[in-house]
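Residue-level structural notes
Listed below, chain by chain, are the residues.
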Amino acid sequence: MLFKTKLCLEKGISLIHIFSDEWKYKKEICKSIIRNKLKLNLHKIFARKCKIIELSNEQFNEFLDKNHISGGVRSSIRLGLIYENKIVSVLGLRKPLQKKWNGYFEISRFASQLNTTVIGGL
């Protein structure tokens, strides 16, 4: 797989890796990733039209389980963008797992709703 990836990179080809279990169990998320890469998302929302809220751990992980290929994750800070009373994007932050980055935060997860681009969301 690494050979194929390097070859595509050298030729300017964008390659998406989708594993069989991801396609079998998270097909809609995979389709959304492909649509996003091809700039064919069905919905576009401007972040400036959204409201920022803090999310509970349950809200955050439920959204990620439905919209991120890797699902939920522990995050000490969980933020969401709300548009028309619906969560359309989430961001999780946590202290880095490597101790050398003590005092910093890292993005643990970021995701937007399936088939949706939130322009300026990150």
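These figures come from a predicted structure and were not determined experimentally.

**Observations regarding the packing of aromatic side chains**
In this structure the tally under the stated criterion is one aromatic pair. On the basis of an interplanar angle of 80° and a centroid distance of 5.8 Å, the ring pair of Trp-101 and Tyr-104 is categorised as edge-to-face. A residue is classified by how much of its surface remains accessible, and Trp-101, at 41% relative accessible area, is partly exposed. One cation-aromatic arrangement involves Arg-48 over Phe-46; the distance from NZ or CZ to the ring centre is 4.6 Å.

**Section: the environment of Ser-56**
Note that Ser-56 resides in the loop between strand S2 (51-54) and helix H4 (57-67). According to the relative accessible area criterion, Ser-56 is partly exposed, its value standing at 26%. When the C-alpha positions of Ser-56 and Thr-117 are compared, they lie 23 Å apart, and in sequence the two are 61 residues distant.

**Overview of the pattern of salt bridges**
Side chains carrying opposite charge are able to pair once their charged atoms draw close together. All chains considered together, the criterion is met by three salt bridges. For Glu-106, the salt bridge goes to Arg-94, with nearest N and O atoms at 2.8 Å. Note that Glu-106 is positioned in strand S5 (residues 106-112) and Arg-94 in strand S4 (residues 86-94), a separation of twelve residues in sequence. When its relative accessible area of 26% is taken as the criterion, Glu-106 is described as partly exposed.

Here is what the cut-offs are and how they apply
- Residues numbered from 1 in each chain as written.
- Predicted model: local features only at pLDDT ≥ 70, side-chain atom pairs only at ≥ 80, totals over all residues.
- Heavy atoms only, no water.
- Phe/Tyr/Trp six-rings, centres within 6.5 Å; stacked < 30°, edge-to-face > 60°.
- Buried < 20%, exposed > 50% of the residue type's maximum accessible area, 1.4 Å probe, protein only.
- Lys NZ or Arg CZ within 6 Å of the ring centre and 35° of its normal.
- Helix = DSSP H or I, 4+ residues; strand = E, 2+ residues; numbered from the N terminus.
- Salt bridge = Lys/Arg side-chain N within 4 Å of Asp/Glu carboxyl O.

Geometric values such as these leave the question of function open.
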